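Examining the three-dimensional arrangement
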Amino acid sequence: MSMQRLTHFVVEAGGIVALADLTTIAERTALMGKSSWFDILVIAPGIHLHQRSAEFANAGGELPPTAALTSGYVFRVENQAMVGWLQRVGQAGCLVEVEVHAQEGSSLLDGGQLAGFIYLLAPIVTVATEIVLAYYAEWWTFGIIGVLIFARAVNVAIIRRRSTTNWKGASEPGVYGDLLVLVSQDRWIRMKGLVDDLKAVTSGQWLQDMGPIESFAAAGATMLVYVTAALSANATTFGNIMLMALLFVEVGLLGLSNKLMRGLHLHERVVRVTRPAKEYRRRLDLAQELISETGRRDWAVGLGLVMPERSGDIPSKVVL
């Protein structure tokens, strides 16, 4: 049986699948806070959308009001990856508690062993596919996947540069922080940890803006993805089937790994849910409980959760 030609079934231009506007790659980047060099071998639809990871992480552009329960200061969470993750773990009418701590080392299993194992299958599938294509001399498809790997490498290099830590405010070593974040749709998140760790994941910019050279490189990588879609018409039916199967399998593996990911890894910190969601009948009940616990109400007034009891409680600006 010849693998070069399938007479009863014809597939052409299988590379068009790579142009599907799926955000799976961008979601992985947001959950890990950056890209790993192993990502180069993960070939899935949406390569051309990689540089829009920040946009997809916080699609609504939300800047949730936040109060420091220890000091009473009210501000907003600016980090797009952090906001996107809080939207993901929050539940309407419930308080979810999360903890932030420094990350000890880094590995592909940071998000959990099961999620990491499923993710590791994707590079193995890519290498195995290239070996099979080389064995059957499917050089067009072999080269197309090689071009996609190169486009992936360009995007990974840019993301790694853009995700470097920049401004995070003044350091406050050893100081413990406690934040209440009001996410849209009545999702309430309480974040605990050292102030420096909290600042690292809530303040500043997650991905820096691209410079002229990076923008040019990203545009070139995007064009390469479109070129592979056009060139795939030269491949045989078997080659196109292999290419489509690779794209479908790897986007499935990557998507499943994303769903099983535990916590958020961002700027050398880890954010994880520490307590299950606690439901409240109304926001005022939540505010009164936390006021009783913290012994102060200025933060609640600043967030607009309660009315000031005296003129001294009135903040210069109510965020919400």
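Residues numbered from 1 in each chain as written. Predicted model: local features only at pLDDT ≥ 70, side-chain atom pairs only at ≥ 80, totals over all residues. Heavy atoms only, no water.

With respect to the pairing of strand β4 (residues 176-183)
Counting buried residues along β4, seven of its eight residues qualify, which places the element largely inside the surrounding structure. The pairing of strand β1 (residues 65-68) with β4 spans three bridges and is antiparallel. Paired with Ala 68 across the bridge in β4 is Leu 179. Pairing of β4 with strand β5 (residues 187-194) involves eight bridges; the strand directions are antiparallel. (Buried < 20%, exposed > 50% of the residue type's maximum accessible area, 1.4 Å probe, protein only. Helix = DSSP H or I, 4+ residues; strand = E, 2+ residues; numbered from the N terminus. Pairing = 2+ DSSP bridges.)

Section: helix α4 (residues 113-135)
Between the first and last C-alpha of α4 there are 33 Å, a value that for 23 residues agrees with the 33 Å anticipated at 1.5 Å per step. Within α4 the residues assigned to the buried category are Ala 115, Gly 116, Ile 118, Tyr 119, Ala 122, Pro 123, Thr 126, Thr 129, Glu 130 and Leu 133. Taken together, the buried residues of α4 touch α1 (24-32), α5 (139-162) and α8 (237-260). Downstream of α4 by one or two residues, Ala 137 has phi in the positive range, about 60°. (Expected span 1.5 Å × (residues − 1). Contact = heavy atoms within 4.5 Å.)

A word on a nonpolar patch on the surface
Among the surface-exposed residues, Leu 114, Leu 256 and Leu 260 lie close enough to one another that they form a single nonpolar patch of about 260 Å² accessible area. The residue Leu 260 is located in helix α8 in this model. (Patch = residues over 30% accessible without salt bridge, like charges linked within 9 Å, V, L, I, M, F, W, Y side chains within 5 Å. Areas by Shrake-Rupley, 256 points an atom, 1.4 Å probe, with all protein chains shown as cover. Salt bridge = Lys/Arg side-chain N within 4 Å of Asp/Glu carboxyl O.)

A look at the environment of Ala 134
Here Ala 134 is to be found in helix α4. Look past the residues within four positions of Ala 134 in its chain and what remains in contact with it is Trp 139 and Phe 142.

A word on the packing of α5 against α8
Following both chains from N to C, one finds α5 and α8 inclined at 30°, their axes separated by 9 Å at the closest point. It follows that α5 is roughly parallel to α8 by the angle criterion. Taking contact as the criterion, the partners of Thr 141, Ile 144, Ile 145 and Leu 148 in α5 are, on α8, Gly 239, Asn 240, Leu 243 and Leu 246. Per-class residue counts for the contact of α5 with α8 are five nonpolar, three polar and no charged. (Axes fitted to C-alpha atoms, helices over the stretch in contact; angles between N-to-C directions. Parallel < 35°, antiparallel > 145°, perpendicular 65-115°, else oblique. Nonpolar A, V, L, I, M, F, W, Y, C, P; charged D, E, K, R; others polar.)

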